Amino acid sequence: MDPPEKPKGNLRTGFTTGTSAAAASVAAVLSIINQKKTESVDVLLPKKSRITININSCEFEKNKAHCSVIKDAGDDPDVTHGAEIIVNIELTNEIGEIEIDGGEGVGRVTKPGLGLEIGSAAINPTPKKMILENV
């Protein structure tokens, strides 16, 4: 099977799985605060530029929300292109504390070498930082 042909001209840019998770996280928090569905959010990227991301789905209650983004890898042949990245947020009484954990589809660290604690969700430092900075 031949590889796909490279599109002519400039490649269409997309956004990472981490950016998707950050956007869904912001949407979930805003939906709880505003008690209404969030349709799009601006996300601050690591190089300090911003991108507007559309929210695929968003359900909320008084203290929790469930929002998702459809990952768009642009013209990058990324296997996660089109994946639904889902975030569940729940407010607690721990003021100023944000706990991030992986859900279904997120692996667990089993060996040293990634700079992440063994047994923790395999969420790399840059996406984790993006989520914290944006939320």
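Residues take numbers from 1 onward in each chain, read along the sequence in its written order. Local features in this predicted model are restricted to residues of pLDDT 70 or higher, and side-chain atom pairs are both shown and tallied only at a pLDDT of 80 or more, whereas totals for entire chains, interfaces and linings draw on every residue. To get the side-chain values, all heavy atoms of the structure are used, and hydrogens and water are removed first.

Novice: Got a minute to help me understand the packing of helix α1 (residues 17–34) against helix α2 (residues 125–134) in this structure?
Specialist: Helix-helix packing: each pair is described by the crossing angle between the helix axes and the interaxial distance. Angular values range over 0 to 180 degrees, each being the angle between N-to-C directions of two axes fitted as lines to C-alpha atoms, with helices fitted over their stretch in contact. To qualify as a helix, a DSSP run of H or I must reach at least 4 residues; to qualify as a strand, a run of E must reach at least 2; elements of each kind are numbered from the N terminus. Running from amino to carboxyl end, α1 crosses α2 at an angle of 25°, the nearest separation of the two axes being 9 Å. Compared by their axis directions, α1 and α2 come out roughly parallel. Read as a crossing pair, α1 and α2 show a hand that is right-handed. Touching G18, T19, A21, A22, S25 and V26 of α1 are P127, M130, I131 and N134, all from α2. With respect to orientation, any angle under 35 degrees is reported as roughly parallel, any angle over 145 as roughly antiparallel, any angle of 65 to 115 as roughly perpendicular, and every other angle as oblique. Take the far helix as your reference; a near helix turned counterclockwise from it by less than a right angle gives a left-handed crossing, and one turned clockwise gives a right-handed crossing. Between two residues, a contact is recorded if the distance between any of their heavy atoms is within 4.5 Å.

Novice: I tried to follow the state of the cysteines on my own but got confused; where do I start?
Specialist: Throughout this description, disulfide means a covalent bond between two cysteine sulfur atoms. The criterion for a disulfide is a pair of cysteine sulfur atoms lying within 2.5 Å. Tallied over the entire structure, the rule returns one disulfide. Residue C58 pairs covalently with C67 via a disulfide, S to S 2.4 Å. Residue classification places C67 among the buried positions, given a relative accessible area of 0%. Only protein chains enter the calculation, and the probe is 1.4 Å; a residue is then buried if its accessible area is under 20% of its type maximum, exposed if over 50%, and partly exposed in between.

Novice: Explanation requested: the environment of A28 in the structure shown.
Specialist: Position of A28 relative to the elements: it lies in helix α1. A28 sits in the buried class, given a relative accessible area of 0%. When sequence neighbours within four positions are dropped, the list of residues in contact with A28 reads A65, C67 and I89.

Novice: Mind showing me how you'd approach the sheet that holds strand β5 (residues 84–90) here?
Specialist: Strands belonging to one sheet form pairs held by backbone hydrogen bonds; the direction of such a pair is parallel or antiparallel. Read from one edge of the open sheet, three strands run β3-β4-β5, paired in antiparallel fashion. Among the strands making up the open sheet, the edge pair consists of β3 (57–60) and β5. For this sheet, the mean angle separating the axes of adjacent strands, direction not counted, is 10°. Here strand β4 (residues 64–70) pairs with β5 via seven bridges, running antiparallel. When the sheet's bridge partners are listed, K64 is paired in β5 with E90. Paired strands, as defined in this entry, are two strands with at least two bridges between them according to DSSP.

Novice: Help me out: how do you make sense of α1 in this one?
Specialist: Turn by turn, an α-helix covers 3.6 residues, leaving residues three or four places apart pointing in a common direction. The span expected for a helix works out to 1.5 Å for each residue beyond the first. Relative to the 26 Å expected for 18 residues at 1.5 Å per residue, α1 spans 25 Å between its end C-alpha atoms, a close match to the ideal helical length. Counting buried positions along α1 gives 14 out of 18 residues, so the element sits mostly inside the fold. For α1, the side-chain oxygen to backbone nitrogen distance between the N-cap and G18 is 3.4 Å, and the N-cap itself is T16. Following α1 by one or two positions, Q35 adopts a phi angle in the positive range, close to 50°. Each polar contact in these results corresponds to two N or O atoms within 3.5 Å; when the atoms are within protein, one needs to be able to donate a hydrogen and the other to accept it, and residues that are neighboring in sequence are counted only if both atoms are side-chain atoms.

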